[in-house]
Amino acid sequence: EAGVAQSPRYKIIEKRQSVAFWCNPISGHATLYWYQQILGQGPKLLIQFQNNGVVDDSQLPKDRFSAERLKGVDSTLKIQPAKLEDSAVYLCASSLGMGPGNQPQHFGDGTRLSIL
Amino acid sequence: AQSVAQPEDQVNVAEGNPLTVKCTYSVSGNPYLFWYVQYPNRGLQFLLKYITGDNLVKGSYGFEAEFNKSQTSFHLKKPSALVSDSALYFCAVRYSGNTPLVFGKGTRLSVIA
């Protein structure tokens, strides 16, 4: 099966600019996650969707970050305006659903964002 | 709050030797535990997960993990390491399908030929 697709792979912008990332999950996966992975750390959940509804966005910096999954499939994550501390890899993941807690998440290759 | 600890930033092992990457978790209910591997410039790949009742879990690429409830540990093991196993390994925990997956900081495994 096709994996989680993300684009772009790399992005370099200046601080205070805007940027958007795109994710296409595995077909049939109802749950979609966006993670931020800062160099030397494990991924940190930013937002979780179940179909097109938000389940958890408690760690999303809502003053600058936004995300949507309008039709319950693809998702976009936006940062506006970007700060230097936003430099990280942004990972998208998907899973079948929110059933048992032991369902694994499948990750895309991420977007590496560098803020100058 | 749920959390995991990976006490080693780096593990070095000679090719052909057994390897262990350590993980401990905070005590709160019955955890769901996972191991993921990350190769350079790639996303995380699922290796294995803990299922209640199976203290020794077998996963992908010859990896296995041993669940120890009394020590609240879920160490990753492999009987014979390969150079191609060199990567970043993450332990993760959640306590239900509705809670976020919380990752450790990662352990870099280096297998030397």
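It should be emphasised that the depicted structure is a prediction, and the values quoted were computed from it without experimental measurement.

(A) Here's a closer look at the overall build of chain B. A count of helical and extended segments in chain B gives zero helices and 12 strands. For chain B, the α and β elements follow one another from N to C terminus as β-β-β-β-β-β-β-β-β-β-β-β. Here the C-alpha radius of gyration of chain B, 13 Å, is about what a compact globule of 113 residues would show, namely 13 Å. Seen along its three principal axes, the alpha-carbon backbone of chain B occupies a region of about 40 × 30 × 20 Å. The contacts in chain B between residues at least 6 apart in sequence include a share of 57% that link residues at least 24 apart.

(B) Region of interest: the pairing of strand β9 (residues 88-95) of chain A. Residues and elements named next belong to chain A. In terms of residue burial, β9 counts as a mostly covered element, since eight of its eight residues are buried. Of the two faces of β9, the one holding Ala88, Tyr90, Cys92 and Ser94 and the one holding Val89, Leu91, Ala93 and Ser95 are both buried throughout. One ladder, built from seven bridges, connects strand β4 (residues 31-37) with β9; its direction is antiparallel. For Tyr35, the partnering residue across the bridge sits in β9 and is Leu91. Across three bridges, β9 lies against strand β11 (residues 111-115) in antiparallel orientation. Looking across to β11, one finds that Val89 is bridged to Arg112.

(C) Local environment of the pattern of salt bridges. Under the definition given, this model contains seven salt bridges over all chains. In this structure, A:Arg64 engages A:Asp86 in a salt bridge whose closest nitrogen and oxygen atoms are separated by 2.5 Å. Of this pair, A:Arg64 sits in the loop between β6 (53-56) and β7 (65-68) while A:Asp86 sits in the loop between β8 (75-79) and β9, and the two are 22 residues apart along the sequence. Overall, the relative accessible area of 10% leaves A:Arg64 in the buried class. The class for A:Asp86 is buried, based on a relative accessible area of 2%. Where B:Lys105 meets B:Asp9, a salt bridge forms, and the shortest distance between an N and an O atom there is 2.2 Å. Highlighted residues: B:Lys105 in the loop between β11 (102-103) and β12 (107-112) and B:Asp9 in the loop between β1 (4-5) and β2 (10-14), separated in sequence by 96 residues.

(D) Quick look at the interface of chain B and chain A. Between chain B and chain A, the residue contacts involve 22 residues of the former and 24 residues of the latter. When residues of chain B are sorted by the area they lose upon contact with chain A, B:Asn41, B:Leu44 and B:Phe103 head the list and together hold 24% of the total. Counting across the chain B and chain A interface gives one salt bridge. Note that A:Asp109 is salt-bridged to B:Arg42, the shortest N-O span being 2.9 Å. There are six residue pairs in polar contact (both at pLDDT 80 or more) connecting chain B and chain A. In terms of residue count, strand β5 (residues 32-38) of chain B provides more of the side of chain B that touches chain A than any other element does, four residues in total. Of the residues that constitute the side of chain B that touches chain A, the class distribution is 11 nonpolar, seven polar and four charged.

(E) Structural view of the sheet that holds β8(A). Residues and elements named next belong to chain A. If you trace the four strands from one edge of the open sheet to the other, you get β1-β3-β8-β7, paired in antiparallel fashion. Among the strands making up the open sheet, the edge pair consists of β1 (5-7) and β7. Neighbouring strand axes in the sheet, compared pairwise and without regard to direction, differ in orientation by 15° on average. With five bridges connecting them, strand β3 (residues 19-24) and β8 associate as antiparallel partners. Each residue of the ladder has a partner; that of Phe21, found in β8, is Leu77.

(F) Structural view of the packing of aromatic side chains. Residue and element names in this part refer to chain B. In the structure shown here, the tally under the stated rule is 16 aromatic pairs over all chains. For the pair Tyr50 and Phe67, a centre-to-centre distance of 3.9 Å together with 20° between the ring planes defines the contact as stacked. Taken together, the residues span a long stretch of sequence, with Tyr50 in the loop between β6 (44-49) and β7 (56-58) and Phe67 in strand β8 (residues 64-68) at a distance of 17 residues. In this pair, the class of Tyr50 matches that of Phe67, namely buried.

Thresholds, definitions, all that
- Residues numbered from 1 in each chain as written.
- Chains lettered and ligands numbered in written order.
- Predicted model: local features only at pLDDT ≥ 70, side-chain atom pairs only at ≥ 80, totals over all residues.
- Heavy atoms only, no water.
- Helix = DSSP H or I, 4+ residues; strand = E, 2+ residues; numbered from the N terminus.
- Rg over C-alpha atoms; globule rule 2.2 N^0.38 Å.
- Contact = heavy atoms within 4.5 Å.
- Buried < 20%, exposed > 50% of the residue type's maximum accessible area, 1.4 Å probe, protein only.
- Pairing = 2+ DSSP bridges.
- Salt bridge = Lys/Arg side-chain N within 4 Å of Asp/Glu carboxyl O.
- Buried area = accessible area lost by both parts, 1.4 Å probe.
- Polar contact = N/O pair within 3.5 Å; in protein donor to acceptor, adjacent residues only side chain to side chain.
- Nonpolar A, V, L, I, M, F, W, Y, C, P; charged D, E, K, R; others polar.
- Axes fitted to C-alpha atoms, helices over the stretch in contact; angles between N-to-C directions.
- Phe/Tyr/Trp six-rings, centres within 6.5 Å; stacked < 30°, edge-to-face > 60°.

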